[in-house]
Amino acid sequence: MTTPWSRRGFLTASAGTAVALGLGTRAFAASDEFATLRAKWRTLILGEGFAPTAEPFKSRLADLGATASGLLSTMAPAAGSLWPDLVYADPDPDTDTESYGFSGNMNTSYTRLSTLAQAYCQPGTGLTGDTGLRNAILTGLDHLHDDVYNAGRTRYGNWYSWQIGAPQALLDVCVLMYDALSAAQRTNYLAAVDHFVPDSAVASYSGTSTGANRVDLCRVVALRGVVGASAAKVALARDALSPVFPYVTSGDGLYADGAFVQHTTVPYTGSYGSVMLGGLGLLFALLADSSWAVTDTNRQIVFDAVEHAWAPFLYNGLVMDGVSGRAISRGLAASDPKQIQQDDHLRGHPILASIVLLGQGASAAENARWRGLVKGWTQRDYYSPPLNDPVLSLPHLARLKGVQDDASVTAVAEPAGHRLFPCMARATHRRPGWAASLSMADRRITYYETGNGENLHGWHTGSGMLYWWGDTFANGQYSDAFWPTVDPCRLPGTTVSRKVLADAAGGDWGASLPDVNWVGGATDGERAAVGQYLKGLQSTLLAKKSWFFLDDTVVCLGAGITCTDGTAVETTVDNRNLGPTGGAPFTVDGTVKPAAYPWSETLTGARWAHIGGHGGYVFPGGATVRALREARDGSWSTVNKGGSTTVLDRKYLTMYVDHGTDPANASYAYQLLPGATAARTQARAADNGWLTVLANTDSQQGVTVPSLGFTGVNFWFGGTVGTLTASDPCCVMITEKADGTAVIAVSDPMRMRTSLTLTWRRAVAAVTSAPATVTSAATGSALTLAFGDLTSTAGATQRITVRLG
């Protein structure tokens, strides 16, 4: 197994030779430093600390060898291609979809050469050090250089293929095969990289050179410097990372509230965010202890983001789909001969491994804490164990195995609490035994992202989709062929017009934004009130939607539901993927409903329902709900043009409120109880005093739960609800505690309030803490809070603590 080179050891062994040759010590030291960096990168991309004859590595190395053998046997250099199935010659080069495909084939050709180089360098592949394989790799490199990727060529298709995908793979091969390459070959390849990725690519933090893309570009520039022994290039790459670190207030990057956005309007913690986290971990590790170590103090923001930005969206090893953009449509690929389905778990595992790598450059306390988190996520991923992940890279596999085998690391439990991300219209809620995530859209955050023919039916994922998982159940709910088989107009939690929409409606790259401001909420870190003023995509649909996240339930309200599309409007209470067999029992008001498929029924006056193995639902005061069991067919190609055409079948149990065609001021109310038994669900429905709906109108929505001391109100307009009066639109959440104190959480989701007055008709003795936004506070038989300018708070919660009278 390759191990990192020791710079001191190398100098000790080689200094005499250098002096004998008359080399200056300064020049020799610089040359040696680049050799050290090449060795470090080799270790980073091949992995370390694992036994190649032990599982799971033995099988993975054998698979790598088998894959490489297949690629080697089919390589056939010809004009316009290196492999017959990857023609990159574009007869009409431009930037249309066809050209994207041709440029992607060029990119994939380099990726295949990287696979061959790994098989050559890794032990136990059956091709380790094979002369024929080495020669084939060199032949392939020269062919791609001479035929397509050279300094005299103009790029076509996808810029990414030319500036990130191909050069990253090329430079990895250059490191792995460095000693086999002639000086002329290295010069030619580096000239091509310089042509397509000039210094200007990282000169301005704008366009495609931001966030995760900037980190990828810096990786290219840094490795170009390492392979070409250019100190200037490595320094440029290091310095060009600095704009990635600070918090942003718009566009791409990390936000102070923990949001991560890419493509200007898309929440992307789980996809581009994963790329950025992994890329920074690699570059921090590569440059550590070198002349170009990353010392910018703002890199601490990245370390802080592990728990502030990434951890809230990781659950039992998966990363939540609501922050993975169009990547949710990448399931079975048409070009994947092994037919390995991508899903939320397989997207989550590299993030876990990247956190382990990043921890090597963090403080000892941070590193220990993160390793405990990763161990917990890894151990709890019963649905898709990370160490069995068929697509996880060997280095990542080794990192996770190392944490699992480290007896000094204690697994950390899933943290409980609520996190709001107003800068990307997302929320996560974690309780012992379950977790939930909410996706919304506003004038800053797109309905959904499509592009490159991907995520063609993601239209309503930002219309209040409420995801949820259990600690020991339903972890495959959105993993098991959910996206190609689910009815895209019946996503859980959403209110939708069934108006027919075209594939990719609204435009590529998150172009379509609803013209709404009131989206967000307030939280005390444990509970929350959240709201969304919904305008439908390419629809006349309007609705006010509220969620109150509590200890064992999410209370869901909808009001002002109006539409003139001439089509039915529905609110989906839930749409559970019950897998290929769909045998979960369904009980309504104590009656077990038929388990046959298909089945449907209108449940009139329903007070509660329960899905065995999942959870319960309570309808305060009774409701008319449509329920159905259906078997749904679909293929990944229907949601992603590059997807497999294999038809899949899954069984669904759906509950929805039918608001009718062209409703006017319709409403709904229900509670979701994840993991609840039928008995507990029935008991909650029978407890008429547990929940009081204070308001559910187009003007305000609010609830109170006396046993929790909880009151939450979304003021769409100023007014009075229960004991609260607000002068203007805002969100208010109050928790009264047993110790005679209370926490009042207030926010301005619209980001438009230059002043706000809030009155709580409750005896308050004193205000014990308040943010600077509170300009005055009057106590006594009632509390009146006056807020100043809230426009700069970015929708963040303002927390006030009081001592009750």
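Residue numbering note: each chain is counted from 1, following its sequence as written. The predicted nature of this model means local features are confined to residues of pLDDT at least 70 and side-chain atom pairs, given and counted, to a pLDDT of 80 or more, with totals for whole chains, interfaces and linings taken over all residues. Side-chain metrics in this entry use all non-hydrogen atoms of the structure; hydrogen atoms and water are not considered.

1. A look at the pairing of strand S19 (residues 615–634)
Each pair of strands is called paired provided DSSP finds at least two bridges between the two strands. The helix count covers DSSP runs of H or I at least four residues long, the strand count covers runs of E at least two residues long, and both are numbered beginning at the N terminus. Summarising the sheet, strand S18 (residues 599–611) and S19 pair through ten bridges and their orientation is antiparallel. Of the residues in S19, the one forming a bridge with Glu601 is Ala627. Where S18 folds back onto S19 in an antiparallel hairpin, the turn is made up of three residues, including Gly613, whose phi is positive at roughly 80 degrees. Sheet analysis places S19 next to strand S21 (residues 666–674), joined by four bridges and oriented antiparallel. Bridge pairing in S21 places Gly615 opposite Pro674. Note that S19 and strand S20 (residues 648–661) share nine bridges and pair antiparallel. Residue pairing for S20: Ala627 is matched across the bridge by Met655.

2. Looking at helix H13 (residues 364–380)
By definition here, a helix of n residues has an expected span of 1.5 Å times n minus one. Helix length check: H13 (17 residues) gives 24 Å between terminal C-alpha atoms against 24 Å at 1.5 Å per residue, within 8%. Relative accessibility thresholds used throughout: buried, under 20% of the residue-type maximum; exposed, over 50%; partly exposed, between the two (1.4 Å probe, protein chains only). By the burial criterion, the buried members of H13 are Glu366, Trp370, Arg371, Gly372, Leu373, Val374, Lys375, Gly376, Trp377 and Thr378. Any two residues whose heavy atoms approach within 4.5 Å at even a single point are treated as in contact. Where the residues of H13 are buried, they touch helix H11 (299–310), strand S4 (314–315), helix H12 (344–359) and helix H14 (394–405).

3. As for the nonpolar core
General note: in soluble globular proteins, nonpolar side chains tend to be found buried as a group. We call a set of buried Ala, Val, Leu, Ile, Met, Phe, Trp, Tyr and Cys residues a nonpolar core when their side-chain atoms join them within 4.5 Å. Counting 196 residues, the largest nonpolar core has Tyr110, Leu113, Leu141, Tyr149 and Phe586 as the members making the most contacts within it. A total of eleven residues in this core trace back to one element, the largest contributor, which is helix H6 (residues 159–176). In contact with Phe586, other than residues within four places in its own chain, are Thr591, Val592, Lys593, Trp599, Leu603, Ala609, His610, Ile611, Ala627, Arg629, Leu653 and Met655. The next biggest cluster of nonpolar side chains, apart from the first, holds 24 residues, and it includes Val713, Phe715, Cys730 and Val802.

4. Some thoughts on the packing of H6 against helix H7 (residues 183–196)
Fitted lines through C-alpha atoms give the axes, limited to the stretch in contact for helices. The angle between two N-to-C directions lies from 0 to 180 degrees. In contact at an axis separation of 10 Å, H6 and H7 are set at 160 degrees when each is read in the N-to-C sense. In this view, H6 runs roughly antiparallel relative to H7, as classed from their interaxial angle. Our pair here, H6 against H7, has a crossing hand that is left-handed. Note on element contacts: H7 touches H6 through Tyr189, Leu190, Val193 and Phe196, opposite Trp162, Gln163, Pro167, Leu170, Leu171 and Cys174. For the contact of H6 with H7, the per-class residue count stands at nine nonpolar, one polar and no charged. Working rule for angles: under 35 degrees goes down as roughly parallel, over 145 as roughly antiparallel, 65 to 115 as roughly perpendicular, anything else as oblique. By definition, turning the near helix anticlockwise from the far helix through less than a right angle yields a left-handed crossing, and turning it clockwise yields a right-handed one. Under this grouping Gly is polar, as are all residues other than the nonpolar Ala, Val, Leu, Ile, Met, Phe, Trp, Tyr, Cys and Pro and the charged Asp, Glu, Lys and Arg.

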